[in-house]
Amino acid sequence: MASTTITRLSLPQERRAAVHAQLLDGRGRDVLDVVRRIGFLQLDPTARVAPSHLIVLWSRLGAYDPTELDRLLWRDRLLFEWRAFIYPIEDLPLYRSRMRRFPIGDFARPRRIREWLEVNASFRRYVLRELERNGPLLSRDLQDRARTPWRSTGWTANRNVSQMLEFLTAGGEVAIVGRRGAQRLWDIAERWYPDVEVPTDEEADALLEAKRMRRRGELDPDRSPVGRRTTLLSPFDQLIYDRDRTERLFGFRYRMEIYVPPAQRWGYFVLPVLCGDRLVGRVDPAFDRRSRVLTINRVGWESDPVDIERPLRSLAEFLGAEDVVWR
């Protein structure tokens with residue numbers, strides 16, 4: 001396979017290329033186009049404003065119909081959910097390579113997963129058998145027959161059914177095939193995923209690495225001007241997810257402060273303000289779904305402020321807010 005070459009750019013060129021590559025220049029056409037071109041959406045349960053993946057789409061498209069994402073996932077199957085990410089279905093062969101290698105590596109966590117699955121082999125067979133006979137199922141439809149519980153210092157401790165489903169999905173035996181409210185529906189993967197030709201592991205890894213560099217603006221970089229489009233970014237947006245790179249490219253220090261004591265944090269769910277190819281400020285909003293009020297708790301600027309009335313009106317429209325309150 002041909003090697004890829006990273007183009008050397010000046011800092012302003014690198015910023016512009018990163019913004020273009022992430023479609024934050026406003027050139028995204030629709031939900032499917034955005035996911036295909038930026039590569040994936042990361043799922044996260046925090047919904048102080050809206051779930052992160054929905055904010056990522058809004059940042060690029062403005063107010064859009066979020067049911068479009070559900071249609072693409074569960075009806076048209078042009079997207080698929082795997083390990084807390086949403087990917088375009090054409091990338092399934094590459095991730096099938098990752099699935100068949102799960103758990104990857106010979107260090108502590110992969111060894112622990114392999115050992116747990118081996119000890120709970122009868123539990124695994126039970127889950128697969130029930131899904132084969134009765135799927136799709138919710139996790140609560142399955143009995144906890146773990147011989148040894150999954151131990152964790154986090155929220156997954158003793159959640160044995162959920163943990164087994166997660167591991168079977170990671171390994172490509174089970175798939176997430178829908179949602180009932182906030183609950184995921186699980187089924188046998190062969191009934192859900194299309195039959196695809198899987199490349200060699202080496203080819204898959206090389207293609208995924210090339211995609212990673214392209215969505216960072218490092219391959220085929222677009223050096224053209226960006227304009228002064230202003231939007232707000234999810235804390236999990238790919239443009240800023242690498243915090244050290246964000247600081248190097250934009251001179252903007254950003255950290256998630258959800259778990260920082262209230263008296264010590266700038267804001268709970270802070271959205272950086274992107275204007276053109278610069279990060280110029282930050283906003284701490286909160287949306288109350290009962291009162292339909294979007295509250296702007298705090299706004300801060302790196303230097304001169306920019307007008308954020310239009311993006312906030314767009315965000316309020318997207319959320320279905322009936323009022324915007326500034327504190």
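Residues numbered from 1 in each chain as written. Predicted model: local features only at pLDDT ≥ 70, side-chain atom pairs only at ≥ 80, totals over all residues. Heavy atoms only, no water.

**Remarks on unusual backbone geometry**
That bond from F102 to P103 is cis: its omega, -5°, falls within 30 degrees of zero. Structurally, P103 can be placed in the loop between α5 (92-101) and α6 (108-119). Across the junction of G135 and P136, the peptide omega takes the value 5°, indicating a cis bond. Among the structural elements, P136 can be located in the loop between α7 (121-134) and α8 (160-170). Even without being a glycine, R77 presents a positive backbone phi close to 55°. Assignment of secondary structure puts R77 in the loop between α4 (67-75) and β2 (79-82). Its identity is not glycine, yet R292 carries a phi of approximately 60°, on the positive side. By secondary structure assignment, the location of R292 is in the loop between β8 (278-288) and β9 (293-301). (Helix = DSSP H or I, 4+ residues; strand = E, 2+ residues; numbered from the N terminus.)

**Re the packing of aromatic side chains**
In this structure the tally under the stated criterion is 16 aromatic pairs. Relative to F167, the ring of W116 has its centre 5.7 Å away and its plane inclined at 75°; by these criteria the two rings are edge-to-face. You can see W116 sitting in helix α6 and its partner F167 sitting in helix α8, a full 51 residues away along the chain. Note on accessibility: W116 and F167 belong to one class, buried. Ring pairing ties together the aromatic residues F40, F80, W82, F85, Y87, Y95 and Y193, which thus form one cluster. When the ring centre of W150 is taken as reference, the NZ or CZ atom of R112 above it lies at 3.8 Å. Directly above the aromatic system of Y126 lies the positively charged group of R145, at a separation of 4.0 Å from the ring centroid. (Phe/Tyr/Trp six-rings, centres within 6.5 Å; stacked < 30°, edge-to-face > 60°. Buried < 20%, exposed > 50% of the residue type's maximum accessible area, 1.4 Å probe, protein only. Lys NZ or Arg CZ within 6 Å of the ring centre and 35° of its normal.)

**Regarding the sheet that holds β9**
Backbone-to-backbone hydrogen bonds join strands into a sheet, with any given pair of strands oriented parallel or antiparallel. Overall, mixed pairing links the 5 strands, which are arranged β6-β7-β8-β9-β10 in an open sheet. The outermost strands of the open sheet, each flanked by one partner alone, are β6 (230-232) and β10 (323-326). With direction set aside, neighbouring strand axes in the sheet form an average angle of 30°. The sheet contacts of helix α12 (residues 309-319) involve β6, β8, β9 and β10, and relative to β9 the element is tilted by about 150°. (Pairing = 2+ DSSP bridges. Axes fitted to C-alpha atoms, helices over the stretch in contact; angles between N-to-C directions. Contact = heavy atoms within 4.5 Å.)

**Considerations on the nonpolar core**
Counting residues in each nonpolar core, the largest one holds 81 residues, and the members touching the most others are L69, V127 and Y193. Element by element, the count of residues in this core is highest for α8, at 6 residues. Residues within four places of Y193 in sequence aside, it is in contact with F80, E81, W82, L92, R96, M99 and A175. (Core = buried A, V, L, I, M, F, W, Y, C linked by side-chain atoms within 4.5 Å.)

**Remarks on the pairing of strand β7 (residues 271-275)**
For β7, the tally of buried residues reaches 5 of 5 residues, placing the bulk of the element in the interior. Along β7, one buried face is formed by L271, V273 and C275 and the opposite face, lined by P272 and L274, is buried too. With 3 bridges joining them, β6 and β7 adopt antiparallel strand pairing. Among the inter-strand pairings, T231 is bridged to a residue of β7, identified as L274. In terms of strand pairing, β7 meets β8 through 5 bridges, oriented antiparallel. When the sheet's bridge partners are listed, V273 is paired in β8 with G281. Hairpin connection from β7 to β8: 2 residues lie between these consecutive antiparallel strands, with G276 at a positive phi of about 65°.

Nothing here speaks to function; it is geometry throughout.
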